[in-house]
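Residue strings, one per chain:
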Amino acid sequence: MKKIKSQKDIPWFKIENYDYIHYLDESDILLELEIRRDILLGNTSSDEFFYSQQCEFIFNGDPKIKLSNSERGIEFENAEEVPGIRPEIFSSTGFYFQNVLNFGSAVMPTSIFETLKNHRWLLENNYYDGDETSLEDSKRTSLLSSISLLKPNGEISCSLDLKNHTDEEILQSIRNQLPSWRTNILKIPEPNKRFIKNAEINKIKDYKIIPLFDLMIWELHENLTISKRVLANCVEFYLNDLDSADLAGGNAKVSKLIKTILHANFSINKANGVL
């Protein structure tokens with residue numbers, strides 16, 4: 001495996017391209033970290049195009065994470081790919097479902113796309129009476145069954161009645177139902193996670209973790225290694241009273257934080273679920 005021993009061999013990397021990080025708030029910092037962590041851990045199957053595009057931006061000297069795909073919706077090349085959508089109402093730009101509610105990693109409103117996929121699955125598995133069942137007859141059919149039980153995938157699809165219930169009532173209802181959903185019905189144990197700490201968030205900027213992750217992504221992409229000395233020089237460790245020794249082992253403070261962040265059970269979300 002080739003080893004990079006000079007900054008000249010990494011022409012795409014310029015630390016000044018990361019000046020924007022100084023102006024990011026906590027949630028934006030964690031987002032930048034989360035995308036890079038996904039790439040380093042190989043957690044990219046959910047949207048390989050999105051992650052490969054982020055790598056391309058990084059290697060072209062534009063490292064700030066772009067969320068344009070998420071903002072404009074789900075991309076399809078033609079109307080035939082969209083189940084249940086008539087071609088005449090398909091967007092001429094190739095994008096549909098422009099309106100998306102805000103969401104977090106643990107709670108996401110059900111999209112039209114997911115609803116259409118469930119509709120197709122129910123048709124294919126003969127859950128309707130005949131080809132389709134009218135809404136007027138639905139109360140006399142099996143359509144009141146939960147899709148989360150019929151098609152278990154570790155997720156619960158549910159509706160939140162915002163009109164008739166307070167936030168506290170909704171949260172209390174979820175707290176009451178969640179143990180039964182998880183333990184008695186779906187039998188999915190609560191994952192063991194180690195949540196990010198405030199002190200670690202503060203160190204992300206000081207330890208230059210985001211530019212270091214980009215260099216590590218490049219190592220992975222090019223199947224090479226960069227010497228600790230070059231890594232330290234690239235991110236200008238000396239400005240923060242750090243040097244290559246802080247990357248040199250498991251107990252060195254920078255490498256220890258990197259190891260912690262890249263652990264499989266580590267969560268970028270804070271313990272209160274807020275990202």
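Visitor: A description of the packing of aromatic side chains should follow, citing residues and the corresponding values.
Guide: Taken as a whole, this structure holds 5 aromatic pairs when the rule is applied. A ring pair is formed by Trp12 and Phe13, whose centres lie 5.6 Å apart and whose planes are at 85 degrees; its orientation type is edge-to-face. Phe13 sits in the buried class, given a relative accessible area of 9%. Centroid distance Phe50 to Tyr51: 5.3 Å. Interplanar angle 75 degrees. Geometry classified as edge-to-face.

Visitor: I'd like to hear about the packing of helix α8 (residues 209-222) against helix α10 (residues 253-261), residue by residue, with values.
Guide: Running from N to C, α8 and α10 point in directions that differ by 70 degrees, and their axes come no closer than 12 Å. Taken together, α8 and α10 sit at an angle that is classed as roughly perpendicular. Contact residues: Ile209, Leu212, Phe213 and Met216 in α8; Val254, Leu257, Ile258 and Ile261 in α10. A breakdown of the residues in the contact of α8 with α10 according to their chemical character gives 8 nonpolar, no polar and no charged.

Visitor: Could you give an account of α8, naming the residues involved and the relevant values?
Guide: The end-to-end C-alpha distance of α8, which contains 14 residues, comes to 20 Å, matching closely the 20 Å that a straight helix rising 1.5 Å per residue would cover. Residues of α8 that are buried include every one of Ile209, Ile210, Pro211, Leu212, Phe213, Asp214, Leu215, Met216, Ile217, Trp218 and Glu219, and no others. Directly beyond the C-terminal end of α8, a positive phi value near 55 degrees is found at Asn223.

Visitor: Describe in detail helix α1 (residues 26-41), supporting the description with residues and values.
Guide: Over its 16 residues, α1 runs 22 Å from end to end, which matches the ideal 22 Å to within 8%, given 1.5 Å per residue. For α1, the secondary structure elements touched by its buried residues are α2 (48-59), α7 (198-206), α8, α10 and β6 (266-267). In the stretch just after α1, Gly42 is the one whose phi turns positive, near 80 degrees.

Visitor: So what's going on with unusual backbone geometry? Residues and values would help.
Guide: Phi at Lys187 is positive, roughly 55 degrees, even though this residue is not glycine. Tracing the backbone through its elements, the reader meets Lys187 in the loop between α6 (167-185) and β4 (194-195). Classification of Lys187 by relative accessible area gives exposed; the value is 60%. The phi torsion at Asn223 lies on the positive side, around 55 degrees, for a residue other than glycine. Of note, Asn223 is situated in the loop between α8 and β5 (224-226).

Visitor: So what about the side chain of Glu219? Which residues, and what values?
Guide: Residue placement: Glu219 occurs in helix α8. Buried charge without a partner: Glu219 forms no salt bridge, and the closest opposite charge is Lys228, 6.7 Å away.

Visitor: Account for the packing of α1 against α2, with residues named and values stated.
Guide: Look at α1 against α2: their axes get within 11 Å of each other, and the N-to-C directions meet at 105 degrees. For the element pair α1 / α2, the angle class is roughly perpendicular. In this structure, α1 contributes Ile35, Arg36, Asp38 and Ile39 to the contact, and α2 contributes Phe50, Tyr51, Gln54, Cys55 and Ile58. Classifying every residue of the contact of α1 with α2 by side-chain character gives 6 nonpolar, 1 polar and 2 charged.

Visitor: Now, about the environment of Lys253: what can you tell me, with residues and values included?
Guide: Within the secondary structure, Lys253 sits in helix α10. Sequence separation between Lys253 and Tyr207 is 46 residues; the distance between their C-alpha atoms is 8.8 Å. Setting aside its immediate chain neighbours within four residues, Lys253 contacts Tyr207, Leu242 and Asp246.

Visitor: Quick one: what's the story with a nonpolar patch on the surface, residue by residue and with numbers?
Guide: Together, Leu160, Leu162, Leu171, Ile174 and Leu178 line one region of the surface with nonpolar side chains, adding up to about 450 Å² of accessible area. What makes Ile174 partly exposed here is its relative accessible area of 31%.

Visitor: Tell me what's going on with the pattern of salt bridges, and back it up with residues and numbers.
Guide: Overall, the coordinates contain 6 salt bridges when judged by the stated rule. Among the salt bridges present, the one from Arg36 reaches Asp214, with a minimum N-O distance of 2.5 Å. With a gap of 178 residues between them, Arg36 in helix α1 and Asp214 in helix α8 connect regions that are remote in the sequence. For Arg36, a relative accessible area of 0% gives the class buried. Note on Asp214: relative accessible area 0%, which makes it buried. The partner of Arg175 in a salt bridge is Glu168, and the shortest N-O contact between them spans 2.6 Å. Judged by its relative accessible area of 43%, Arg175 is partly exposed. A relative accessible area of 45% places Glu168 in the partly exposed class. By sharing partners, the salt bridges in this structure join Glu32, Arg36 and Asp214 into a single network.

Conventions we followed
- Residues numbered from 1 in each chain as written.
- Predicted model: local features only at pLDDT ≥ 70, side-chain atom pairs only at ≥ 80, totals over all residues.
- Heavy atoms only, no water.
- Phe/Tyr/Trp six-rings, centres within 6.5 Å; stacked < 30°, edge-to-face > 60°.
- Buried < 20%, exposed > 50% of the residue type's maximum accessible area, 1.4 Å probe, protein only.
- Axes fitted to C-alpha atoms, helices over the stretch in contact; angles between N-to-C directions.
- Helix = DSSP H or I, 4+ residues; strand = E, 2+ residues; numbered from the N terminus.
- Parallel < 35°, antiparallel > 145°, perpendicular 65-115°, else oblique.
- Contact = heavy atoms within 4.5 Å.
- Nonpolar A, V, L, I, M, F, W, Y, C, P; charged D, E, K, R; others polar.
- Expected span 1.5 Å × (residues − 1).
- Lys, Arg positive; Asp, Glu negative; His and termini not counted.
- Salt bridge = Lys/Arg side-chain N within 4 Å of Asp/Glu carboxyl O.
- Patch = residues over 30% accessible without salt bridge, like charges linked within 9 Å, V, L, I, M, F, W, Y side chains within 5 Å.
- Areas by Shrake-Rupley, 256 points an atom, 1.4 Å probe, with all protein chains shown as cover.

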